[in-house]
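Structural features, examined
Single-letter residue listing:
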Amino acid sequence: ALELYNGNGCVRLLAHDTDQQALLLEQLLPARPLSSSFPHQEELAIEQAVRIMNQLHTVPLPKGGAWSQLPHIDDWLSLFEHLDLEAHTIPLAHLRKARTLAKQLLATQRAPVLLHGDLHQGNILSDGATWRAIDPKGVVGEPAYEVGTFIRNPTQLLVEHEQAVELIRNRIDRFSQLLQIDRQRIKEWSYVQAVLAAVWNEQDDLECDDMIRVAELIDQA
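Attention in this report is confined to the structure presented alongside it. Keep in mind the model is a prediction, meaning the values are calculated, not measured.

Attention now moves to the pairing of strand S2 (residues 22-25). Relative to S2, strand S1 (residues 13-17) runs antiparallel, the two being bridged by 4 bridges. Note on S2: the bridge partner recorded for leucine 13 is leucine 25. Here S1 folds back onto S2 in antiparallel fashion, the turn holding 4 residues, of which glutamine 21 has a positive phi close to 55°.

Given below as structure tokens:
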């Protein structure tokens, strides 16, 4: 993904050694994370995230064999199809709803692009007067999918905020306006991703209560 983005909205990859699992990246300074703007500069954060999304999503997808090296959101979301819904601590209603929505959203996807896949505020750093993305997952899917990670972060601070529902509602509205994407589609993808993240956390023996709470807040927004 870093090679494909080639510094377009993202940190530049200068060199790499696959055998040594080493990357040499350009240094971003002062490297202040966009998460430091929460919650007092929400508009700034949303506008910068949208600008970066627009840059990243214009990068052409690779052709031929290189295409098959990239994961697709279909691969990630196939997890819901294989889950034993009764064997989880996550409320059954959330698992069922997320699985149903994921199936509907995948069946109606728009033209795929190369997504960052984890574009939350902590993965957007200041580079002087601008902001750049770091740590892309590199996954193929529709642009609406990209927004969900931003919507649910910073997770712990978000769930503790007394106006969390209003913050999430405003985020969904602003991303919808600026990206020209249907509001309901952004909301549904954000919900599905929050539940998916909760499942991933549970599988890794990590706490998932905050992520479930975020899913509930998104549902209310």
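Still more to cover.
Below, the discussion takes up the pairing of strand S5 (residues 124-127). Pairing between strand S3 (residues 30-33) and S5: 2 bridges, direction antiparallel. Bridge pairing links proline 33 to leucine 125 in S5. Where S5 hands over to strand S6 (residues 130-133), the hairpin turn is made up of 2 residues, of which glycine 128 adopts a positive phi near 75°.

This part is about the packing of aromatic side chains. Under the criterion given, the structure shown has 4 aromatic pairs. Ring centres of tryptophan 76 and tyrosine 145 lie 6.4 Å apart, and the angle between their planes is 55°; this geometry places the pair in the tilted category. Remark: tyrosine 145 occurs in the loop between strand S7 (139-141) and helix H6 (147-151) and tryptophan 76 occurs in helix H4 (residues 73-82); sequence separation between them is 69 residues. We note that tryptophan 76, like tyrosine 145, is buried. Each residue in the set Trp76, Tyr145, Trp189 and Trp200 is aromatic and connected to the rest through ring pairs, giving one cluster. Cation over ring: lysine 97 sits above tyrosine 191, and NZ or CZ is 5.0 Å from the ring centre.

Axis separation between helix H8 (residues 164-179) and helix H9 (residues 183-203) bottoms out at 9 Å; the angle between their running directions is 130°. Relative to H9, H8 is oriented oblique. For the crossing formed where H8 meets H9, the hand is right-handed. Along the contact surface, H8 presents Arg169, Ile172, Asp173, Phe175 and Ser176, while H9 presents Arg183, Ile186 and Lys187. Considered class by class, the residues forming the contact of H8 with H9 number 3 nonpolar, 1 polar and 4 charged.

For the rest of this paragraph, the subject is the side chain of glutamine 193. Position of glutamine 193 relative to the elements: it lies in helix H9. On the basis of relative accessibility, which here comes to 3%, the residue glutamine 193 falls in the buried class. Polar side-chain contacts of glutamine 193 include one of 3.4 Å to the side chain of threonine 149. Discounting chain neighbours no more than four positions away, the residues touching glutamine 193 are Tyr145, Gly148, Thr149 and Arg152.

Turning to the nonpolar core, a few remarks are in order. Residues Leu77, Phe80, Tyr145, Ile168, Phe175, Trp189 and Val192 are the most contacted members of the largest nonpolar core, which totals 73 residues. If one sorts the elements of this core by residue count, H9 sits on top with 10 residues. Those residues in contact with valine 192 that lie beyond four places of it in its chain are Leu77, Phe80, Ala98, Leu101, Ala102 and Leu105.

Moving on to the sheet that holds S6. The strand order across the open sheet formed by 3 strands is S3-S5-S6, and the pairing between neighbours is antiparallel. The open sheet has two edge strands with one neighbour each: S3 and S6. The average angle at which neighbouring strand axes cross in this sheet is 35°, direction not considered. By the bridge criterion, 4 bridges tie S5 to S6 in an arrangement that is antiparallel. Bridge pairing links leucine 125 to arginine 132 in S6. Running over the sheet, helix H2 (residues 42-56) touches S5 and S6 and is turned about 55° from S6.

Moving on: H9. Helix length check: H9 (21 residues) gives 31 Å between terminal C-alpha atoms against 30 Å at 1.5 Å per residue, within 8%. With 17 of 21 residues buried, H9 lies mostly within the body of the structure. At the N-terminal boundary of H9, the capping side chain belongs to aspartate 182, with an oxygen 3.2 Å from the backbone nitrogen of glutamine 184. Aspartate 205, located one to two residues past H9, shows a positive phi value of around 60°.

Cut-offs applied
Residues numbered from 1 in each chain as written. Predicted model: local features only at pLDDT ≥ 70, side-chain atom pairs only at ≥ 80, totals over all residues. Heavy atoms only, no water. Pairing = 2+ DSSP bridges. Helix = DSSP H or I, 4+ residues; strand = E, 2+ residues; numbered from the N terminus. Phe/Tyr/Trp six-rings, centres within 6.5 Å; stacked < 30°, edge-to-face > 60°. Buried < 20%, exposed > 50% of the residue type's maximum accessible area, 1.4 Å probe, protein only. Lys NZ or Arg CZ within 6 Å of the ring centre and 35° of its normal. Axes fitted to C-alpha atoms, helices over the stretch in contact; angles between N-to-C directions. Parallel < 35°, antiparallel > 145°, perpendicular 65-115°, else oblique. Left-handed = near helix turned anticlockwise from the far one by under 90°. Contact = heavy atoms within 4.5 Å. Nonpolar A, V, L, I, M, F, W, Y, C, P; charged D, E, K, R; others polar. Polar contact = N/O pair within 3.5 Å; in protein donor to acceptor, adjacent residues only side chain to side chain. Core = buried A, V, L, I, M, F, W, Y, C linked by side-chain atoms within 4.5 Å. Expected span 1.5 Å × (residues − 1).

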